[in-house]
Amino acid sequence: MKVVKLPKSKVEEFLSSLQDFGEVIIPKEKTEHPGVYYFDVMENPSEMAWEYLRTIIPPKKYLHKPREVIFKFHKEQGYQEVIEDKETKRILFGLHPCDIHGIKILDVVFNRDYMDPYYYARRKNTVIIGLSCLPDEKCFCKSMNTDYVEDGFDLFLSDIGEDFLVAVGTSLGDDLVAERAHLFSEVEEEDRRKYLAFRKKRNESFRLELDISDLPYILDLEQKSPIWDELGKRCLTCGSCSMVCPTCYCFNVYDTLNLDAKSGQRIKQWDACLFKDYALVAGGHNFRENRAERVKNRYYHKQFRMVEQYGKPSCVGCGRCIDACPAGIDVVEVLTKVREGSYVTH
Ligand code: SF4
Ligand code: SF4
C-alpha cells in the first residue's frame with residue numbers, strides 16, 4: 001500500500017482543495033451542545049472537528065437516506081423515477097475505522113440478492129477518506145475486529161503528531177494525492193517509528209471488551225433466556241439504537257397522495273425492528289407483538305443471523321447505541337451477561 005505524508009499545517013489547504021471534486025462532508029461540533037458531533041457539508045475547513053470520536057448519526061445517512069422519494073406517479077402522466085442525489089459527487093471525510101466497516105457491511109447488504117439502485121447511485125459517487133482515532137470508554141471496535149481498515153477507503157489519515165500518514169487505498173485516492181502532490185512528501189524513518197508508537201498507544205487505550213468467540217452458538221443456546229424478558233421490561237422501543245447504528249438498514253416503503261388526489265409519491269424511510277408495527281402484516285397479525293421479542297430480535301439479527309448470512313456480525317463496536325439508549329441498555333453488558341448466564345435486573 002502506498003503511504004505518503006501530509007503536514008498538519010497543510011491539511012486545511014488539502015480539505016479546501018477537495019471541494020474541487022464535490023461536496024465535502026465533515027464531522028462538526030454542535031455549537032449549542034459542545035462535545036456533540038454530526039456530519040454535515042463543509043463550508044469552511046476550520047469547521048472540521050478533528051477531535052471528534054463519534055457523531056450522533058453515522059455517515060450512512062448520505063448513502064441510505066433517512067427519508068427519500070423513490071418515484072412519483074400521476075394519473076395521466078404516469079410514473080417518474082426519482083433517485084435523490086444521483087449526480088452529487090461527495091467526499092465523506094474523517095470517517096473512523098468503525099464507520100468505514102459500517103459502510104462495508106451496507107455495501108454487501110444492499111448488493112446481495114438485489115442491487116439497491118438508490119444506495120448504489122450515491123455510493124458510486126462517494127469517496128471515503130478515513131481518520132485515525134483514540135477510543136473512549138464506549139468503544140469496543142477492537143473486540144469486533146473493526147478497529148483498523150485494510151480496504152474500504154480511498155485515503156486514510158493517521159495522526160502521528162505534526163503530520164498525518166496518508167494511506168492510499170484506491171486509484172481514485174491516488175489521483176487525489178497526485179493532483180495535490182505539492183502538499184505531500186515521502187515518509188521517513190522517524191515517521192514510521194511515530195506511527196508504530198501511535199498504534200501501540202491506541203491498542204493499549206481500549207477499556208471496553210466484548211468476547212465474541214462462539215457468540216452465535218451461545219445465543220442459539222440462550223433463545224429462551226429470561227434475559228430477553230428483563231430487557232423487554234426496560235426497553236422503551238424508541239428505536240434510537242437502530243437509528244444511530246451504522247449498520248442498521250431496515251426501511252419502510254409507503255405512498256403519499258397529493259391534494260389533487262391523482263398524483264403522489266412513493267417514500268422509502270428508515271424503520272426499526274424495535275417499533276411495534278414493524279412486524280405487523282396484512283390481516284393484523286404481528287410476528288413480534290411484545291417488546292421482549294423485538295429487543296431480542298435486534299441482538300439475534302446483529303450477532304447471530306448476520307454471521308450465518310454474511311460470515312460476520314453487523315456490530316462494529318462504535319458505542320453509539322450505548323450513548324443513545326434512554327433506558328441505559330448497554331450492548332456489551334447484555335452480551336457479557338448472556339455469556340455468563342447472570343443477567344441482573346435493574
Ligand atoms: S449495535 Fe451499537 S455498538 Fe454495534 S454498531 Fe450498532 S450502534 Fe454501534
Ligand atoms: S435505544 Fe434503548 S430503549 Fe430505545 S429501542 Fe433501543 S434498547 Fe430500547
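Residues numbered from 1 in each chain as written. Chains lettered and ligands numbered in written order. Predicted model: local features only at pLDDT ≥ 70, side-chain atom pairs only at ≥ 80, totals over all residues. Heavy atoms only, no water.

Draft legend 1. Quick peek at the site of ligand 1. By nearness alone, every residue bordering ligand 1 is listed as Phe-140, Cys-245, Pro-246, Arg-298, Lys-302, Cys-315, Val-316, Gly-317, Cys-318, Gly-319, Arg-320 and Cys-321. With respect to the pocket detection grid, ligand 1 is positioned in the second largest cavity. Those elements that provide at least two residues to the shell around ligand 1 are helix H9 (291–310) and helix H10 (320–324). Its residues placed into classes, the shell around ligand 1 shows seven nonpolar, two polar and three charged. (Near = heavy atom within 4 Å. 1 Å grid on protein atoms, 1.4 Å probe; cavity = no way out; pocket = protein on both sides within 12 Å on 5 of 7 lines; lining within 4 Å. Sits in = over half its atoms within 2 Å of the grid points. Helix = DSSP H or I, 4+ residues; strand = E, 2+ residues; numbered from the N terminus. Nonpolar A, V, L, I, M, F, W, Y, C, P; charged D, E, K, R; others polar.)

Draft legend 2. Expanded view of empty space enclosed by the protein. Using the criterion set out here, one finds four cavities of 30 Å³ or more in the structure. In this structure, the largest cavity encloses a volume near 190 Å³. As for the largest cavity, its lining consists of 17 residues, of which Cys-235, Cys-241, Tyr-299, Cys-325 and Ile-329 are closest to the centre. Tallying contributions element by element places H9 first for the lining of the largest cavity, with three residues. Counted by class, the lining of the largest cavity contains 14 nonpolar, two polar and one charged residues. As for the second largest cavity, its lining consists of 15 residues, of which Arg-298, Lys-302, Cys-315, Cys-321 and Val-331 are closest to the centre. Only H9 and H10 provide two or more residues apiece to the lining of the second largest cavity. Considering every element that reaches the lining of the second largest cavity, the biggest residue donor is H9, with four residues. Here the lining of the second largest cavity is composed, by residue class, of nine nonpolar, three polar and three charged. (Points joined across faces, edges and corners; volume = space filled by probe spheres on them.)

Draft legend 3. Representation of the domain arrangement of the protein in the model. According to the domain assignment, the protein consists of domain 1 (3–60 + 85–205) and domain 2 (215–248 + 276–340). A C-alpha centroid distance of 29 Å is found between domain 1 and domain 2. Taken together, the contacts link 23 residues of domain 1 with 24 residues of domain 2. Here domain 1 meets domain 2 over a buried area of about 1,900 Å², counting both sides, of which 61% is carbon and sulfur. Taking the shortest distance from any N to any O, the salt bridge between Asp-323 and Arg-54 comes out at 4.0 Å. The tally of links between domain 1 and domain 2 comes to 10 residue pairs in polar contact (both at pLDDT 80 or more). (Domains from an automatic or database assignment. Contact = heavy atoms within 4.5 Å. Buried area = accessible area lost by both parts, 1.4 Å probe. Salt bridge = Lys/Arg side-chain N within 4 Å of Asp/Glu carboxyl O. Polar contact = N/O pair within 3.5 Å; in protein donor to acceptor, adjacent residues only side chain to side chain.)

Draft legend 4. Just the packing of aromatic side chains, in detail. Inspection of every chain in the model, using the stated rule, returns 14 aromatic pairs. Ring plane angle 25° and centroid distance 4.6 Å describe the contact between Phe-110 and Tyr-119, whose orientation is recorded as stacked. With a relative accessible area of 4%, Phe-110 lands in the buried category. Linked through ring pairs, Phe-110, Tyr-119, Tyr-120 and Tyr-249 together constitute an aromatic cluster. In this structure, Arg-112 packs its charged tip against the face of Tyr-310, placed 5.0 Å from the ring centre. Lying across the ring of Tyr-300, Lys-296 places its NZ or CZ 5.2 Å from the centre. (Phe/Tyr/Trp six-rings, centres within 6.5 Å; stacked < 30°, edge-to-face > 60°. Buried < 20%, exposed > 50% of the residue type's maximum accessible area, 1.4 Å probe, protein only. Lys NZ or Arg CZ within 6 Å of the ring centre and 35° of its normal.)

Draft legend 5. View of helix H2 (residues 97–109). Here H2 is 13 residues long and its end C-alpha atoms lie 19 Å apart, about the 18 Å a rise of 1.5 Å per residue gives. The buried count for H2 comes to 11 of 13 residues, which makes it a mostly enclosed element. If you check which residues of H2 are buried, you get Pro-97, Cys-98, Asp-99, Ile-100, His-101, Gly-102, Ile-103, Ile-105, Leu-106, Asp-107 and Val-109. (Expected span 1.5 Å × (residues − 1).)

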